[in-house]
Amino acid sequence: MTTTTIPPSPKAPLHRPVSPSVWMKQNLFSTWYNSLLTVIFGVLIASVIVALIRYLVSIDTEIIRVNLKLYMTGRFPAEQLWRLWAGVFVTTAGVGLFARAIVRTAQMKATTAGLEFDRSTPWDIVRRFWPIGALVVFTLSFTQTITPSLLTLAAAAIGLAAYWLGGGLPAWIIRRSWLIPLVGTTAFYFVLVGYGGVGWDLWQGFFVNIVITIAGISLAFPLGIMLALGRRSSLPVVRYLSVTYIEILRGVPMITLLLFGAFALGFVIPGDVQFSLFLRLLVAITLFQSAYIAEVVRGGLQSVPRGQVEAGQSIGLSPWKTTRYIVLPQALRNMIPALVGQFISLYKDTTLVFIVGLLDLLRAAQVSTAQPEFFAQGLESVVLPFVALYFWAGSYVMSRESRRLERKLGVGVR
Amino acid sequence: MTSTGAFADATQMGVTGETMIELISVDKFFGDFQALKDINVRVGLQEVVVVIGPSGSGKSTMIRCINRLEVHDRGRIIVNGIELSHDIKNIQEVRRETGMVFQQFNLFPHLTVIDNVTLGPRQVRKLPKKEAEELAMELLTKVQIPEQAYKYPGQLSGGQQQRVAIARSLAMNPKVMLFDEPTSALDPEMIKEVLDTMQELAESGMTMIVVTHEMGFAKEVADRVIFMADGEIVEVGTPEHFFERPTEARTKLFLSQIL
């Protein structure tokens, strides 16, 4: 053998660091046309940045300061606002307790498995939910008195206290942690509506976007799962009903459905039963989204290999238990990105309710620009980005949480 | 048993005792293709029957019919006195009597090893959690991987996964174990650990039907060997008969190709 290739020493770096001027020469000005593109895009980017800065400097947020209550809660009666704050307290308390229950469940699992439990630090929580925190601070910066800030601090304190108290919850509640959101939601409803409170026909502003999102997801998700299972049922009646439902609702624009819910449903439902606009729209959104979720879940069901079902059958599990314990958990895990995508789209689609006259965040923003003191001043350029921030923060957190969940559940992937 | 070790047909049992599984004139079609042609087999209590044959010969289809993963079209299948019918209660009763081990393991990837093993006992046999977990640890010890109990299947080697699959089947306390090419998907160095586990199981008196290409296992552990080709049972005999003086031409051809 005459020539031998000597492998590079493992210590030699593959990419040698270069000076900025060399890097620019190599990457930005290597040929005449690359130089041309660099110059053109440099000018474009610079002008966009300049325009953005000039816009941000010129902004007058008076319209937001005046209308903050309208944006957040619409025409919720001012003397009843304490109920909404009480609802916020109930929510943070519930979230605190539920978070502790989840942590304790994970802790118990790790202990039985003899594994180290890696508790997330407060810093992790901040990193995960900073857009929401930033949004709250951002919102409070427009308030005219200090009361909302103090109440928000109180809500945060209640959440932390609930988390701490959750350490003392008996084990049987921890094992049934779904009780916490259930009781929390009931309490929330009672605090808002009970004893001469404010019915949901007066729930407006960003509050209504949040309520419709959460209620819509919690109703459409189980319904979608049932429809997906129905579509694979061995009973022809169930199968055809599911297919018909899914295909009809997926073939109709959501706006049509909302208009139907708002203006036509009253004629379809027999008798004198009157449902509030809020409820009719919630039903329309739930029905519409459940059809899409059903198709996502069906994709997930199909992704589970046939051998999994056979293994379940061979240990004697009934068809239902095979679905419940083997197929569905794997199907849903495989579908997390698509499902969360669907939830995000539901969140943003809640703004469509403004078409039928529900005063949600987007509609409130529009209304505010028509007020005499703000009319025809191009203030849409202020309020629309403001509205967009709220939807961005929620969507971004959902999307990041979905990726985190995927990674966490990916432990057992083969 | 004749002196040559050959059996007249597969309904003659090798071990004297009561009948555990009986297949009578079973036919099975996939569309126009006939996968099983007039299969008659009787397997006695505590007997170990190894089924060999070229791929596509109907071996897997036959044992998959026994626990109704496939539905036979004609004939009767009786497991421990229960005849398979279309009644789902009946099918589940038969499945409780039979454990099955698959070529691809088919462990549940979203559950830990111990949850894989306890799922059946808890959901079907209705054992309390603690009891089910004790049983699972006992079985995992038997297949020599108790230390992996809280890992996920994806974290185990193929051989370890297959042993978990065996433990999972045994947790249902079956009367019969069906093995569908249990070592075909394994790396060579892991085949032995699985075969050893199976051999121990056979020695403990389990009734077993094993579809395999492991001729060493057939020679050592089988009471009877059934050779199948083209959906038919071609020849039945003791391992000695089979590997030393097979009578059928197709058997001789098959053995010459693989040995």
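As the structure is a prediction and not an experimental result, all values here were calculated from the model.

What counts, and at which threshold
Residues numbered from 1 in each chain as written. Chains lettered and ligands numbered in written order. Predicted model: local features only at pLDDT ≥ 70, side-chain atom pairs only at ≥ 80, totals over all residues. Heavy atoms only, no water. Pairing = 2+ DSSP bridges. Helix = DSSP H or I, 4+ residues; strand = E, 2+ residues; numbered from the N terminus. Domains from an automatic or database assignment. Buried area = accessible area lost by both parts, 1.4 Å probe. Nonpolar A, V, L, I, M, F, W, Y, C, P; charged D, E, K, R; others polar. Buried < 20%, exposed > 50% of the residue type's maximum accessible area, 1.4 Å probe, protein only. Contact = heavy atoms within 4.5 Å. Salt bridge = Lys/Arg side-chain N within 4 Å of Asp/Glu carboxyl O. Polar contact = N/O pair within 3.5 Å; in protein donor to acceptor, adjacent residues only side chain to side chain. Phe/Tyr/Trp six-rings, centres within 6.5 Å; stacked < 30°, edge-to-face > 60°. Lys NZ or Arg CZ within 6 Å of the ring centre and 35° of its normal. Axes fitted to C-alpha atoms, helices over the stretch in contact; angles between N-to-C directions. 1 Å grid on protein atoms, 1.4 Å probe; cavity = no way out; pocket = protein on both sides within 12 Å on 5 of 7 lines; lining within 4 Å. Points joined across faces, edges and corners; volume = space filled by probe spheres on them.

All names here are of chain B. Taken in spatial order, the four strands of this open sheet run S2-S1-S4-S5, and their pairing is antiparallel. The strands lining the two open edges of the sheet, one partner per strand, are strand S2 (33–44) and strand S5 (82–83). Pairing between strand S1 (residues 19–30) and strand S4 (residues 74–79): five bridges, direction antiparallel. By the bridge assignment, Glu 22 is partnered in S4 with Ile 78.

Moving on: the domain arrangement of chain A. Residues and elements named next belong to chain A. The domain architecture assigned to chain A consists of domain 1 (33–66 + 201–414) and domain 2 (78–198). For domain 1 versus domain 2, the distance between C-alpha centres works out to 23 Å. Together, Arg 65, Trp 203 and Val 397 form the three largest contributors to the area buried by domain 1 at its contact with domain 2, with a combined 31%. Taken together, the elements giving at least two residues each to the side of domain 1 that touches domain 2 come down to helix H3 (62–73) and helix H17 (380–409). Ranked by residues supplied to the side of domain 1 that touches domain 2, first place goes to H17 with 10 residues. For the side of domain 1 that touches domain 2, the residue count by class is 12 nonpolar, one polar and four charged.

Before going further, it helps to spend a moment on the pairing of strand S3 (residues 48–52) of chain B. All names here are of chain B. Most of S3 sits inside the fold, with five of its five residues counted as buried. Relative to strand S8 (residues 207–211), S3 is paired through four bridges, and the arrangement is parallel. Within S8, the residue paired with Val 50 across the bridge is Val 210. One ladder, built from four bridges, connects S3 with strand S9 (residues 224–229); its direction is parallel. Bridge pairing in S9 links Ile 52 to Phe 227.

Turning our attention to the interface of chain A and chain B. Facing the 24 residues of chain A at the interface are 24 residues of chain B. In total, chain A and chain B occlude about 2,300 Å² of area from one another, counting both sides; carbon and sulfur atoms represent 60% of this. Ranking the residues of chain A by area buried against chain B places A:Glu310, A:Ser314 and A:Ile315 at the top, with a combined share of 26%. Across the contact surface, chain A and chain B share one salt bridge. The residue A:Glu310 makes a salt bridge to B:Arg64 at a minimum N-O spacing of 2.6 Å. Connecting chain A to chain B are eight residue pairs in polar contact (both at pLDDT 80 or more). Of all elements in the fold, only helix H13 (306–314) and helix H14 (319–334) of chain A reach the threshold of two or more residues within the side of chain A that touches chain B. In terms of residue class, the side of chain A that touches chain B is built from 10 nonpolar, 10 polar and four charged.

Before going further, it helps to spend a moment on the pattern of salt bridges. Any two side chains of opposite charge can pair, given that their charged atoms come close. By the definition in use, this model includes 22 salt bridges over all chains. A salt bridge links A:Arg298 to A:Glu295; the nearest nitrogen and oxygen atoms lie 3.0 Å apart. Highlighted residues: A:Arg298 and A:Glu295, both in helix H12 (residues 277–302), separated by three residues, approximately one helical turn. A salt bridge links B:Lys130 to B:Glu134, with the nearest nitrogen and oxygen atoms 3.5 Å apart. Here B:Glu134 and B:Lys130 lie together in helix H4 (residues 129–142), a separation of four residues that amounts to about one turn.

Residues and elements named next belong to chain B. As paired elements, S9 and strand S10 (residues 232–237) share five bridges and run antiparallel to each other. Residue Phe 227 lies in a different strand from S10, and its bridge partner there is Glu 235. Hairpin remark: S9 followed by S10, antiparallel, with two residues in the connecting loop; positive phi at Asp 230, about 50°.

A separate point is the packing of aromatic side chains. Here the structure, examined in full by the defined rule, presents 23 aromatic pairs over all chains. For the pair A:Trp32 and A:Tyr33, a centre-to-centre distance of 5.6 Å together with 85° between the ring planes defines the contact as edge-to-face. Here A:Tyr71 and A:Phe386 contribute two aromatic rings whose centre-to-centre distance is 5.4 Å and whose plane-to-plane angle is 45°, an arrangement assigned as tilted. Here the residue A:Tyr71 occupies a position in helix H3, and A:Phe386 occupies one in helix H17, the gap between them amounting to 315 residues. Its relative accessible area of 0% is what places A:Tyr71 among the buried residues. These aromatic residues form a ring-pair network of at least three members: A:Tyr71, A:Phe138, A:Phe142, A:Phe206, A:Tyr347, A:Phe386, A:Tyr390 and A:Phe391. Taking NZ or CZ as reference, A:Arg250 lies 5.9 Å from the ring centre of A:Tyr292, over its face. Above the face of the B:Phe243 ring, B:Lys219 is positioned so that its terminal group lies 5.2 Å from the ring centre.

The next thing to look at is the sheet that holds S8(B). Residues and elements named next belong to chain B. Spatial ordering of the open sheet is given by S6-S7-S8-S3-S9-S10, a layout of six strands whose pairing is mixed. Of all strands in the sheet, those bounded by a partner on one side alone are strand S6 (98–101) and S10. Direction aside, neighbouring strands of the sheet carry axes that sit 20° apart on average. With five bridges connecting them, strand S7 (residues 176–180) and S8 associate as parallel partners. Opposite Asp 180, over in S8, you have Val 211 as the bridge partner. Docked against the sheet, helix H1 (residues 59–66) engages S3, S6, S7, S8 and S9, running at close to 150° with respect to S7.

All names here are of chain A. The topology assignment puts Thr 92 in helix H4 (residues 81–112). Exposure remark for Thr 92: the relative accessible area of 22% places this residue in the partly exposed category. The spatial distance from the C-alpha of Thr 92 to the C-alpha of Ala 157 is 8.8 Å, given a sequence separation of 65 residues. The contacts of Thr 92, once residues within four sequence positions are left out, are Ala 155, Ile 158 and Gly 159.

Attention now moves to the layout of surface pockets. A probe matching the size of a water molecule, rolled over the atoms, marks out where space remains unfilled. Quantified by volume, the second largest pocket comes out at close to 760 Å³. Breaking the lining of the second largest pocket down by element, the ones donating at least two residues are helix H9 (205–231), H13 and H14 of chain A together with helix H2 (88–97) of chain B. Residue contributions to the lining of the second largest pocket peak at five residues, all from H14(A). Here the residues of the lining of the second largest pocket sort into 12 nonpolar, nine polar and four charged.

Residue and element names in this part refer to chain B. Within the chain, Arg 68 stands out as a residue other than glycine whose phi angle is a positive 65°. For Arg 68, the position within the fold is in the loop between H1 and S4. Arg 68 sits in the buried class, given a relative accessible area of 8%. We note that Asn 173 has phi near 55°; this positive angle belongs to a residue other than glycine. Inspection of the secondary structure puts Asn 173 in the loop between helix H5 (158–170) and S7.

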